[in-house]
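An overview of the molecular structure
These are the residues of each chain, in order.
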Amino acid sequence: MSTNPVSVRAIGRHAVREELARIAFNQFCATGFDQVTFADLAGATGVSRSTFLRYFANKEDVVLFVFDPIGDIVVDALASVHALHDDWLALRRAFDPVLSFLARDADEVIAFLNLIEATPALRAKFREKQFGWRPNITRELLRREQVSVERSIIADVRVATAMECFSTALIYWRDANGQQDLSGLLDLAFGALSDPGASAGPPDSSQY
């Protein structure tokens, strides 16, 4: 059986980044994000500072690494569901595998979100990362269409709004220490915009 060496290298790099990020996260929690230097991280992980920097360009990326796959997960899911639903419902459904991804280790994700909330630099970088997911999601939303300026603006606004719904649901989930159902929170966020004139009660989750 042949093996693709590029894939092997990619898997190896991901595994190293994952282990470095895990150890670094413990260091951030013990000492404080702003107080920890790359020299500290190198010492804690047992690699040189230059080696650590080959895997992570800055401290923010070390923490946010866990969220890196989310943009691609949404794009892949949207490719599967968009033909079956309108834009808004397709975007909601495209976040289902993201919720499954986050639920694999909810306690760890909550810990990362708490560190992000407590650290202004991380909050800003996380927002930047979410902003960076939007163009690919919008392109997928428009992939099967002849695109006009009007349609592009509508799609871009819907994607931006869907990301805000996701961010808001994450905040409430984090504040509840994971005890609230994240899917239900996301349904509530999306439902608030699918019928702006509705009362403040829970949305009809059957449509989601």
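Residues numbered from 1 in each chain as written. Predicted model: local features only at pLDDT ≥ 70, side-chain atom pairs only at ≥ 80, totals over all residues. Heavy atoms only, no water.

Glancing now at the overall build of the protein chain. Helix and strand content of the protein chain: eleven helices and zero strands. Each helix (α) and strand (β) of the protein chain, taken in turn from the N terminus, gives the series α-α-α-α-α-α-α-α-α-α-α. Within the protein chain, buried positions represent 42% of all 208 residues. When the accessible surface of the protein chain is summed, it comes to about 11,300 Å², and 54% of that surface belongs to carbon and sulfur atoms. (Helix = DSSP H or I, 4+ residues; strand = E, 2+ residues; numbered from the N terminus. Buried < 20%, exposed > 50% of the residue type's maximum accessible area, 1.4 Å probe, protein only. Areas by Shrake-Rupley, 256 points an atom, 1.4 Å probe, with all protein chains shown as cover.)

Now for the side chain of Thr119. For Thr119, the position within the fold is in the loop between helix H8 (106-118) and helix H9 (120-141). Using a relative accessible area of 5% as the deciding quantity, one classes Thr119 as buried. What Thr119 contacts, discounting residues up to four positions off in sequence, is Phe33 and Asp34. (Contact = heavy atoms within 4.5 Å.)

Let's shift gears to a nonpolar patch on the surface. Side chains of Val149, Ile153 and Val157 sit close together on the surface and give an oily, nonpolar patch of about 290 Å² of accessible area. Considering the arrangement of structural elements, one finds Ile153 in helix H10 (residues 149-175). (Patch = residues over 30% accessible without salt bridge, like charges linked within 9 Å, V, L, I, M, F, W, Y side chains within 5 Å. Salt bridge = Lys/Arg side-chain N within 4 Å of Asp/Glu carboxyl O.)

Unlike most non-glycine residues, Asn177 shows phi in positive territory, near 55°. Secondary-structure assignment places Asn177 in the loop between H10 and helix H11 (182-194).

Once that is clear, we can look at the nonpolar core. Judged by nonpolar contacts, the single largest core of 60 residues is most densely connected at Phe67 and Leu102. Considering every element that reaches this core, the biggest residue donor is H10, with nine residues. Contact partners of Leu102, with chain neighbours within four places excluded, come to Phe67, Ile70, Val109, Phe166, Leu170 and Leu182. (Core = buried A, V, L, I, M, F, W, Y, C linked by side-chain atoms within 4.5 Å.)

Right, let's talk about the packing of aromatic side chains for a bit. Taken as a whole, this structure holds nine aromatic pairs when the rule is applied. Three or more aromatic residues link up through ring pairs in this structure, and these residues are Phe38, Phe52, Phe56 and Phe65. Lying across the ring of Phe33, Lys59 places its NZ or CZ 4.6 Å from the centre. (Phe/Tyr/Trp six-rings, centres within 6.5 Å; stacked < 30°, edge-to-face > 60°. Lys NZ or Arg CZ within 6 Å of the ring centre and 35° of its normal.)

Another aspect to go through is the confidence of the model for the protein chain. Scored by pLDDT, the protein chain comes out at a mean of 88, with 88% of its residues at no less than 70. Counting contacts from residues 1-8, a segment whose pLDDT is below 50, to residues more than four positions away or on other chains yields one contact. Ignoring residues within four places in sequence, the model shows residues 196-202, a span with pLDDT below 50, making two contacts including any to other chains. (pLDDT = per-residue confidence, 0-100.)

Before going further, it helps to examine the packing of helix H5 (residues 70-81) against helix H7 (residues 96-103). When two helices pack together, their arrangement is given by the angle between the helix axes and by the axis-to-axis distance. Orientation of H5 relative to H7, taken along the N-to-C sense of each, is 140°, at an axis distance of 8 Å. As H5 packs across H7, the resulting crossing turns out to be right-handed. Only Pro97, Val98, Phe101 and Leu102 of H7 make contact with H5, whose side of the interface consists of Ile70, Ile73, Val74 and Ala77. Tallied by class, residues from the contact of H5 with H7 come to eight nonpolar, no polar and no charged. (Axes fitted to C-alpha atoms, helices over the stretch in contact; angles between N-to-C directions. Left-handed = near helix turned anticlockwise from the far one by under 90°. Nonpolar A, V, L, I, M, F, W, Y, C, P; charged D, E, K, R; others polar.)

Once that is clear, we can look at the pattern of salt bridges. Inspection of every chain in the model, using the stated rule, returns 14 salt bridges. Across the pair Glu140 and Arg143 runs a salt bridge, and its minimum N-O distance is 2.9 Å. In this structure Glu140 comes out as buried when scored by relative accessible area, which is 9%. According to the relative accessible area criterion, Arg143 is partly exposed, its value standing at 48%. Between Asp175 and Arg174 there is a salt bridge, and its shortest N-O distance comes to 2.7 Å.

The next subject is the packing of H9 against H10. Closest axis-to-axis distance for the H9/H10 pair is 9 Å, and the angle between their directions is 135°. One way to sum up the angle between H9 and H10 is to call them oblique. Between H9 and H10 lies a crossing of right-handed hand. In this structure, H9 contributes Phe126, Arg127, Gln130, Trp133, Arg134, Ile137, Thr138 and Leu141 to the contact, and H10 contributes Arg151, Ala155, Asp156, Val159, Ala160, Met163, Glu164, Ser167 and Leu170. (Parallel < 35°, antiparallel > 145°, perpendicular 65-115°, else oblique.)

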